[in-house]
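# Examining the three-dimensional arrangement
As a plain string of letters, each chain reads:
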Amino acid sequence: MSDTKVALVSGGSRGIGRAIVLRLAQDGFDVGFCYRSAEGPATQVAKEAQEFGGRVLPVQVDVSQGEETRAWVARAEEELGGVDVVVTSAGITRDGPLVLTDEAAWDEVIRTNMGGVYHLCRAAVFGMMKRRSGCIVTISSVAGVYGNAAQTNYSASKAGIIGFTRALAKEVGGHGVRANVVAPGLIGTDMTDKLSEQARRRLTEAIALKRFGRPEEVAELVAFLSSDRAQYITGSVIEIHGGIAI
Ligand code: NDP
């Protein structure tokens, strides 16, 4: 087994997760990542990440499913080695006003966004505690900090991630493991491509920097939190939103 550090990223095939996979590979990590269904983008990300010289392991996993997620972590530990960094980026939206949000839309978002964080961290953290070293970065959202209209399910799931991560930081800090939250504002990905032109214009106007963020800008923050440069940072919620929530 090599001495290279190992990172696991959920939802690494597109958007913010993709940028994180590439950035951590560039920083010298071996990277395992998962995606739910779209194999084409995952294969392409793996190819690009491998160009940085490390090992890359893409696996199809639905993080809302505990058994699949545990099997993914076990396989990554077997093939890449002990996991040093976990980044939970897999997430979905099923937007609508509460009066139109049915149980399926509620359950799917909570199971994927919050359940996925539980399953992945639960599977990976014990190995970190045993090695007395590790770093977890969960991707929440400004919706989880401030709430967004027509996103009660999503905002609840993202607020849950903040509570989870802070609790975990207190629980495992004494074992040498850090846990932090990154809460992005509007970032240009497939998720925000769904917005109408009118909504996009209105939202851009509300951002102090007058533009959506780029996935690479979030990846830069995640790379910092994952590194030894951030060794005294734990239990923090770091917002990155170009000034939308001020
Ligand atoms: P995208 O929709 O662009 O990408 C989502 C990624 O997550 C894909 O790789 C997708 O895989 C994967 N994924 C979705 N569901 C599952 C699942 N059940 N199991 C495993 N993988 C899954 O999203 P973004 O990059 O925009 O968002 C990434 C994270 O950042 C999310 O948690 C999101 O809530 C959060 N965020 C995004 C913001 C934005 O403005 N974009 C703002 C704030 C937070 P596949 O391709 O196979 O479907």
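Our structure's up above, just so we're on the same page.
Let me begin by describing the structure that accompanies this report. All values reported here derive from a predicted model rather than from experimental measurement. (Residues numbered from 1 in each chain as written. Predicted model: local features only at pLDDT ≥ 70, side-chain atom pairs only at ≥ 80, totals over all residues. Heavy atoms only, no water.)

### Quick notes on the overall build of the chain
Looking only at helices and strands, the chain features 9 helices and 7 strands. Against the 2.2 N^0.38 benchmark of 18 Å for 246 residues, the chain shows a C-alpha radius of gyration of 17 Å, consistent with a compact globule. Relative to its full complement of 246 residues, the chain shows a buried share of 49%. A separation of at least 24 residues holds for 73% of the contacts in the chain among residues at least 6 apart in sequence. If you sum the accessible surface of the chain, you get close to 11,800 Å²; carbon and sulfur atoms cover 52% of it. Where the 27 positive side-chain charges of the chain centre and where its 28 negative ones centre are 4 Å apart. (Helix = DSSP H or I, 4+ residues; strand = E, 2+ residues; numbered from the N terminus. Rg over C-alpha atoms; globule rule 2.2 N^0.38 Å. Buried < 20%, exposed > 50% of the residue type's maximum accessible area, 1.4 Å probe, protein only. Contact = heavy atoms within 4.5 Å. Areas by Shrake-Rupley, 256 points an atom, 1.4 Å probe, with all protein chains shown as cover. Lys, Arg positive; Asp, Glu negative; His and termini not counted. Charge placed at Lys NZ, Arg CZ, Asp CG, Glu CD.)

### As for helix α3 (residues 66-80)
Helix length check: α3 (15 residues) gives 21 Å between terminal C-alpha atoms against 21 Å at 1.5 Å per residue, within 8%. The elements touched by buried residues of α3 are β1 (6-10), β2 (30-35), β3 (56-60) and α4 (103-131). Where α3 ends, the next residue or the one after it, Gly81, has phi of about 115°, a positive value. (Expected span 1.5 Å × (residues − 1).)

### A short note on helix α6 (residues 152-172)
Taking 1.5 Å of rise per residue, 21 residues should cover 30 Å, and α6 covers 30 Å from first to last C-alpha, within 8% of that figure. Among all positions in α6, only Asn153, Tyr154, Ser155, Ser157, Lys158, Ile161, Ile162, Thr165, Leu168, Ala169 and Val172 are buried. Next to the buried residues of α6 lie α4, β5 (134-139), α5 (142-146), β6 (177-184), α7 (190-193) and β7 (237-240).

### Here's the deal with the sheet that holds β6
Sheets are built from strands paired through backbone hydrogen bonds, the pairs being either parallel or antiparallel. With parallel pairing, the 7 strands of this open sheet are ordered in space as β3-β2-β1-β4-β5-β6-β7. Looking at strand neighbours, the two that pair on one side only are β3 and β7, the edges of this open sheet. Pairwise comparison of adjacent strand axes, ignoring direction, gives a mean angle of 15° for this sheet. With 6 bridges connecting them, β5 and β6 associate as parallel partners. Paired with Val137 across the strands is Asn180, a residue of β6. The sheet strands contacting helix α1 (residues 15-26) are β1, β2, β4 (85-88), β5 and β6, and the helix crosses β1 at an angle near 170°. (Pairing = 2+ DSSP bridges. Axes fitted to C-alpha atoms, helices over the stretch in contact; angles between N-to-C directions.)

### Quick word on the nonpolar core
Membership of the largest hydrophobic core comes to 32 residues, with the highest contact counts inside it found for Ile20, Leu24, Phe33 and Val87. The biggest single contributor to this core is α1, with 7 residues. Setting aside anything within four residues of it in sequence, one finds Leu24 in contact with Ala7, Val9, Phe29, Val31, Val87, Ala223 and Ser226. Counting residues in hydrophobic clusters, the runner-up holds 27 residues, among them Leu8, Trp72, Met128 and Ala169. (Core = buried A, V, L, I, M, F, W, Y, C linked by side-chain atoms within 4.5 Å.)

### Remarks on the side chain of Ser89
Of note, Ser89 is situated in the loop between β4 and α4. For Ser89, a relative accessible area of 14% puts it in the buried group. Ser89 has contacts with Ser10, Gly11, Ile16, Gly17 and Ile139, leaving out every residue within four places of it along the chain.

### As for the site of the ligand
In the vicinity of the ligand, 30 residues are found, and the nearest of them are Ser13, Arg14, Ser37, Tyr154 and Thr189. Side-chain polar atom of Thr189 to an oxygen atom of the ligand: 2.5 Å apart, as the coordinates give it. Look at the ligand: alone it shows 900 Å² of surface, and the protein chains cover 97% of it. Taken together, the elements giving at least two residues each to the shell around the ligand come down to α1, α6 and α7. (Near = heavy atom within 4 Å. Polar contact = N/O pair within 3.5 Å; in protein donor to acceptor, adjacent residues only side chain to side chain.)

### Comments concerning the side chain of Asn153
Relative to the assigned elements, Asn153 resides in helix α6. You can call Asn153 buried: its relative accessible area is 0%. A distance of 3.0 Å separates a polar side-chain atom of Asn153 from the backbone oxygen of Arg94. Ignoring anything within four residues of it in the chain, the contact list for Asn153 reads Arg94, Thr101, Ala105, Trp106, Val109 and Ile110.

### Focus on the pattern of salt bridges
Per the stated rule, a full pass over the model turns up 12 salt bridges. Salt-bridge contacts for Arg55 lead to Asp30; the nearest nitrogen and oxygen are separated by 2.9 Å. One end of the pair, Arg55, is in the loop between α2 (39-50) and β3; the other, Asp30, is in strand β2, with 25 residues separating them in the sequence. Assessed through its relative accessible area of 31%, Arg55 is described here as partly exposed. Judged by its relative accessible area of 3%, Asp30 is buried. Two residues, Arg214 and Glu217, come together in a salt bridge whose shortest N-O distance is 3.1 Å. Under the relative-accessibility criterion, Arg214 is labelled partly exposed at 46%. (Salt bridge = Lys/Arg side-chain N within 4 Å of Asp/Glu carboxyl O.)

Any functional reading would require information that these geometric values do not contain.
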